[in-house]
Amino acid sequence: MGRIEETFSRLRLKGEKALIPFITAGDPDLEKTEAIIHALVEAGADLIELGVPFSDPMADGPTIQAASERALAAGVNLGAILDTVSSVRKHTNIPIVLMGYYNPIFRYGVERFAADASKAGVDGVLLVDLPPEEAEEMRDYLTRYGMRYITLLAPTTPPERMARLASEGEGFLYYVSMTGVTGAQKVDASAIEGEVRSLKEHGTVPVAVGFGISSAEDAAAVSSFADAVVVGSALVKVVEAYGASPELLPQVKSFVTSLKQGIRGSK
C-alpha cells in the first residue's frame, strides 16, 4: 500500500474527507514552493498536487497559466522540480501527485522520469492531455516504479467509458466538476452529486472533485458526497498576491485551514 492509499484509508477510518491543494511548482520560485508545501501540511492538507509548468497549458485558466509563465521565466524545469520533491521528503510523508502535461515528461524520457520521480518521492502522476487509451507506456513505467497513474474524468465522458475508467482507476479518480478551463466558473455541487456517487459505485478508488472550488463553503458542499476536494486556482491566487510578501505563508495557511475546517464541518 502506497502513501495515497494509506492516507485515504486513515481518513476513512476517521470519517473524514481529503483536502488536496494544488500549487504550481516554481511559483514564485522553488525555494518558496518547498516552504509553501510545508505550510500546506501544517494547515491540514492531506495530499498535494504539484503543477509542472508548461508553455501551453490548454486546460488551465488565466490564473494557473500566469503561474506557469512565472515559473518558466524563472528557469524551472522538471529535473529541478524532482529535486524539490526530494528535499520535501526529508520532512514529510504527505502524498505528492505531479499534475501537468505529457510534453515535459516525453522530453525528459518516460522511463527516466519514472525512475527519477520514484526516487524523489513522487506518489502519482496526472496528465491532462494524455488519454488513458494512449497512456499504456506511461502507466507501465509508473507501476514498475511504484507510482499511480491518476485518471481524469469529466461531465462529457460517456457513461460506459466512465464506468470502465472508474473500474481501472489507481490512487484516486479526479472528477472535473465542469467543462472549460480551471478557475473559470464556480462549482455547482448539486449538479454533479449524482455523477460522483455513480463513479464511486463503479470504481474501487476514492473520487476527488476539482475545478471551481474556491471557498470553505464550496469545499463543504462537495465533500458531503466526494472523497476528496481539490482546490487550485483560488490558492494560486493567494500565492500570486503574496508571493513577494512575508505574509505569503501565513496567508496560505489561513486559506487552507479554512478549507479543511469546511470539509470537517460537512461530516
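Residues numbered from 1 in each chain as written. Predicted model: local features only at pLDDT ≥ 70, side-chain atom pairs only at ≥ 80, totals over all residues. Heavy atoms only, no water.

Chemist: Give me the packing of helix 2 (residues 30-43) against helix 12 (residues 248-265): which residues, what numbers.
Modeler: Think of two packed helices as two axes; the pair is described by the angle between the axes and how far apart they sit. Two elements in contact, helix 2 and helix 12, have axes whose closest approach is 8 Å; the angle formed by their N-to-C orientations is 35°. For the element pair helix 2 and helix 12, the recorded crossing hand is right-handed. Mapping the contact onto sequence places Lys32, Ala35, Ile36, Ala39, Leu40, Glu42 and Ala43 in helix 2 and Leu248, Leu249, Val252, Lys253, Val256, Thr257 and Lys260 in helix 12. (Axes fitted to C-alpha atoms, helices over the stretch in contact; angles between N-to-C directions. Helix = DSSP H or I, 4+ residues; strand = E, 2+ residues; numbered from the N terminus. Left-handed = near helix turned anticlockwise from the far one by under 90°. Contact = heavy atoms within 4.5 Å.)

Chemist: A description of the pairing of strand 1 (residues 18-24) should follow, citing residues and the corresponding values.
Modeler: Both faces of the sheet carry side chains from a regular strand, because those side chains alternate between them. In terms of burial, strand 1 is largely enclosed, as 7 of its 7 residues are buried. Burial along strand 1 is two-sided: the residues Ala18, Ile20, Phe22 and Thr24 and Leu19, Pro21 and Ile23 are all buried. Bridging between strand 1 and strand 2 (residues 48-51) involves 3 bridges; their strand directions are parallel. Note on strand 2: the bridge partner recorded for Phe22 is Glu49. (Buried < 20%, exposed > 50% of the residue type's maximum accessible area, 1.4 Å probe, protein only. Pairing = 2+ DSSP bridges.)

Chemist: An account of the pattern of salt bridges is needed here, citing residue identities and associated values.
Modeler: Inspection of every chain in the model, using the stated rule, returns 17 salt bridges. When the shortest N-O distance is used, the salt bridge between Glu5 and Arg148 registers 2.6 Å. Of this pair, Glu5 sits in helix 1 (residues 3-14) while Arg148 sits in strand 5 (residues 148-149); the two residues are 143 residues apart in sequence, bridging distant segments of the chain. For Glu5, a relative accessible area of 23% corresponds to the partly exposed category. Ionic pairing is found between Lys260 and Asp46, a salt bridge with its closest N-O pair at 2.6 Å. Of the two residues, Lys260 is situated in helix 12 and Asp46 in the loop between helix 2 and strand 2; the sequence distance between them amounts to 214 residues. Asp46 carries the same exposure label as Lys260, and that label is buried. It is possible to trace a salt-bridge network through shared partners that takes in Glu16, Asp46, Lys260 and Arg264. (Salt bridge = Lys/Arg side-chain N within 4 Å of Asp/Glu carboxyl O.)

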